[in-house]
Amino acid sequence: MSLEPQIALSPAPTSHRKRIWGRRVSAIAGFVVTVFLTFLGLLAITFFIGRVIPIDPVLAVVGDRATNAVYEAARVQMGLDQPLPVQFFRYVVGVFTGDLGRSVSTGRSVVEDISRFFPATLEMATIGIIIGVVVGVPLGVIAASRQGSWIDQIIRIVGLLGYSMPAFWLGLVGLALFYARLRWVGGPGRLDIFYDGLVSPVTGLLLVDSLLAGEFDIFFNAITHLILPASVLGFFSLAYIARMTRSFMLDQLNQEFVTTARVKGVPERVVIWRHAFNPIRVQLITVIGLSYAGLLEGSVMIETVFSWPGIGNYLTTALLNADMNAVLGSTLVIGAVFIFINKISDVLYRVLDPRAR
Amino acid sequence: MANGAPPPSFPSRKGEGGAEPLLSVKNLRVSFPTHRGRVEVVKGISFSVGKERLGIVGESGSGKSMTGRSILKLIRKPGLVTADRMEFDGIDLLSQSEKQMRSIRGARISMVMQDPKFSLNPVMTVGEQIGEALVTHTRLPRREVNERIWAMLDSVRIDDPKRVAGLYPHEVSGGMGQRVMIAMMLIPEPELLIADEPTSALDVSVQAQVLDIIDDLVTTKGMGLILISHDLGLVSRYCDRILVMNSGVVVEECAAGELENASHPYTRGLLAAMPTINEQRDELPVLDRTQWAGT
């Protein structure tokens, strides 16, 4: 080999580099604009749905025995006498200045409520999805690479159970067995009662806050409380992720390039993980992303069974109390989570799949 | 290989000169289960290949690709491969374990497949894929691996090999993809190359180019070649010897130059159906399958 091509390639012209940077900046700008527009659309939809549903937020505040004068005063104070576009504009301005209004049922500002409830869900969902991915993906790969064997059958049955078992039932059985009988895990709630309120919330995530405060017993106590509900959530996402991984893998294992790898004499382990698994990472990102977003919505069933102060519980209570500010706020947060996860998936696509660059 | 020791990666070539066949196959049968019992797609064929170019011709479903794949033991369950004998350079391929087969695949027998669009891994660069074929069988420093990848790409007539090595399969054309495939399959210097319809997915204009490269490399490296194709004309141009297959059996075996003297009605029918440049016929004849249907 001569060295000529290298010499020809080495001086990278600055204009070329500039062009690459220009492209990157415009890509980032485009990204920000799409996120902003999507978020605005989400705001509009949640706001107008919130206004057209036959729930009277004024009644929820003043009660149904209030006089007309009191009712009217409250209506004006809440800004509901203004035309809808004005209300919407005020709401959007509020959202962008960090004001989501006041919750009727808790009496606190919705932002404060969400910053308290959402981290609880975030913590549980994150541990749940980690369990789901770390266990589910290898299970799916193993099942596909031994299609039809007894291992495959067992994994498929586990997947089917995860699909068909009611979450609250699994949670209750888990509590009865691992908490009440075996005493392996902590009970309902995020901490034992005597640890409650001992660490000052920084991130709202107890595992992080307790470590930041250097309170290791609180950290371990939080883990014992978290592990069971997170495992139940993890089991459901595991079942889904394993099934999807299996079917993506089966598809890849029949591809011609997998045969090419075998023709080269590549060990089967490498055939499976490098040649068949790498191309499905993009599809898996979608599945995992949606699964994670689903968990972040908050599972009302699990949160109820484990008395977990999460966003699912908060949203449901708010709905039942016609607490529209809380409902809109929670919906916004959940929507924002979906937008965020989708955008992250998009970025990961480009990193993982050269065809998407 | 009865003592179980895996063969070394690059053993010395024996039988230089082609006196001893590189590969000999006797009574090879490949079958698959269906709901109506096992169906044989290859029905007891025998042949041998030395350091020569053997062409296997046949229509779709004649079992030619299955023959190629069963040599590498790539037919996966529930497919079943049996043979009285399948020997490669004194190694009984049938009794080789999967692990022993891996040291033969790529290193000693390799295969170029039909369509580079499907046979190259979409998320690995061309260079990575070629390099993998090499490092699977030999330990070499990274720098030398790169040198050999570039040299190999150069030998399949790719300009600017350094740039091409960094491309992904979707960034190269079909003809270039197939040349990459050839580079990948020849870099560990195997003794036998099976080319399974290497040009049927390519434009006619690049077909000859790709076959010339295969022919050139196979001849200069003194390898054996099994060229599987449905194109009788192409095979007779590039091969020394031809096997004509039809529904799982070899119906004709002859030297490429003696194709005109073929005796089997199937071969005769194929030859008759080939148009020539000074064509006088209005309509090409159709194969009359009743002539050999009973055989």
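Keep in mind it's a predicted model, so treat the numbers as computed, not measured.

**Some points on the overall build of chain A**
Within chain A one finds 16 helices and 0 strands. Dimensions of chain A along its principal axes, counting C-alpha atoms only, are 90 × 65 × 45 Å. Per-residue burial for chain A yields a buried fraction of 34% across its 357 residues.

**Some words on the nonpolar core**
Ranked by internal contacts, the top residues of the largest apolar core, which has 148 residues, are Ala183 and Leu193 of chain B. In terms of residue count, the dominant contributor to this core is helix H10 (residues 216-253) of chain A (17 residues). Looking at this core, you find at least three residues from each of domain 1 (4-96) and domain 2 (110-356) of chain A. Discounting chain neighbours no more than four positions away, the residues touching Ala183 of chain B are Ile130, Met152, Leu153 and Val156 of chain B.

**Focus on the UniProt feature "domain: ABC transporter" (unreviewed entry) in chain B**
In the numbering used here, UniProt assigns the feature "domain: ABC transporter" (unreviewed entry) to residues 23-272 of chain B. Secondary structure within residues 23-272 of chain B divides into 38% helix and 27% strand; the distance between the first and last C-alpha atoms comes to 32 Å.

**Examining the environment of Leu227 of chain B**
Residue and element names in this part refer to chain B. Along the chain, the position of Leu227 falls in strand E9 (residues 224-229). Of the residues examined, Leu227 has 28 C-beta atoms within 10 Å and is grouped as buried. Sequence spacing of Leu227 and Ile56 is 171 residues, and the spatial spacing of their C-alpha atoms is 6.1 Å. Residues within four places of Leu227 in sequence aside, it is in contact with Arg53, Gly55, Ala195, Val235, Tyr238 and Cys239.

**Comments concerning the UniProt feature "transmembrane region" (unreviewed entry) in chain A**
Per the UniProt entry, the sites bearing "transmembrane region" (unreviewed entry) are residues 25-49, 124-145, 157-180, 218-242, 284-306 and 326-349 of chain A in this numbering. A helix fraction of 100% and a strand fraction of 0% characterise residues 218-242 of chain A, whose end C-alpha atoms lie 33 Å from each other.

**A short note on the packing of helix H7 (residues 174-186) of chain B against helix H8 (residues 204-221) of chain B**
In a pair of packed helices, the angle between the axes and the distance between the axes together describe the arrangement. Residues and elements named next belong to chain B. Where H7 meets H8, the axes come as close as 10 Å, and the angle between the chain directions of the two elements is 15°. Classified by the angle between their axes, H7 and H8 sit roughly parallel to one another. As for the relative orientation of H7 and H8, their crossing is right-handed in sense. On the side of H7, the interface is formed by Gly175, Gln178, Arg179, Ile182 and Leu186, while H8 contributes Val206, Gln209, Val210, Ile213, Ile214 and Leu217. For the contact of H7 with H8, the per-class residue count stands at 7 nonpolar, 3 polar and 1 charged.

**Re the pairing of strand E2 (residues 37-49) of chain B**
All names here are of chain B. Where strand E1 (residues 23-34) and E2 come together, 10 bridges link them in antiparallel fashion. Across the sheet, Val25 pairs through a bridge with Phe47, a residue of E2. A loop of 2 residues connects E1 with E2, the two strands running antiparallel in sequence.

**Focus: the interface of chain A and chain B**
Listed per partner, the contact involves 20 residues of chain A and 28 residues of chain B. Among the secondary structure elements, those contributing two or more residues to the side of chain A that touches chain B are helix H1 (4-9) and helix H11 (256-263) of chain A. Split by residue class, the side of chain A that touches chain B holds 8 nonpolar, 7 polar and 5 charged.

**Focus on helix H15 (residues 311-320) of chain A**
Residue and element names in this part refer to chain A. Looking at H15, one finds that the buried residues are Ile311, Gly312, Asn313, Tyr314, Leu315 and Ala318. Where the residues of H15 are buried, they touch helix H6 (110-145), helix H14 (300-305) and helix H16 (324-352). Looking at the residues trailing H15, positive phi occurs at Ala322, about 55°.

**A closer look at the environment of Met124 of chain A**
Tracing the chain through its elements places Met124 of chain A in helix H6. Non-local contacts of Met124 of chain A, meaning those with residues more than four positions away in its chain, are made with Leu226, Pro229, Ala230, Leu233, Trp308 and Gly310 of chain A.

**Thoughts on the sheet that holds E9 of chain B**
Residue and element names in this part refer to chain B. Judged by pairing direction, the sheet is mixed, and its 6 strands sit side by side in the order E7-E8-E9-E3-E10-E11 without closing on themselves. Sheet topology places strand E7 (109-112) and strand E11 (249-255) at the edges, where each strand pairs with a single neighbour. The mean inter-strand angle of the sheet, taken between neighbouring strand axes irrespective of direction, is 20°.

**With respect to unusual backbone geometry**
Note that the residue after Lys77 of chain B, namely Pro78 of chain B, is joined by a cis bond; omega there is 5°. You can see Pro78 of chain B is positioned in the loop between helix H1 (64-71) and strand E4 (80-82). Unlike most non-glycine residues, Arg183 of chain A shows phi in positive territory, near 60°. Summarising the element assignment, Arg183 of chain A is placed in the loop between helix H8 (167-181) and helix H9 (206-212). Even without glycine at this site, Glu189 of chain B takes up a positive phi of about 55°. In this fold, Glu189 of chain B is placed in the loop between H7 and strand E8 (192-196). C-beta crowding within 10 Å serves as the criterion here: with 16 such atoms nearby, Glu189 of chain B is assigned to the partly exposed category.

Analysis parameters
- Residues numbered from 1 in each chain as written.
- Chains lettered and ligands numbered in written order.
- Predicted model: local features only at pLDDT ≥ 70, side-chain atom pairs only at ≥ 80, totals over all residues.
- Helix = DSSP H or I, 4+ residues; strand = E, 2+ residues; numbered from the N terminus.
- Buried ≥ 20, exposed ≤ 12 C-beta atoms within 10 Å, placed from the backbone.
- Core = buried A, V, L, I, M, F, W, Y, C linked by C-beta atoms within 7 Å.
- Domains from an automatic or database assignment.
- Contact = placed C-beta atoms within 7 Å.
- UniProt positions renumbered as here; feature names shortened; annotations may be inferred.
- Axes fitted to C-alpha atoms, helices over the stretch in contact; angles between N-to-C directions.
- Parallel < 35°, antiparallel > 145°, perpendicular 65-115°, else oblique.
- Left-handed = near helix turned anticlockwise from the far one by under 90°.
- Nonpolar A, V, L, I, M, F, W, Y, C, P; charged D, E, K, R; others polar.
- Pairing = 2+ DSSP bridges.

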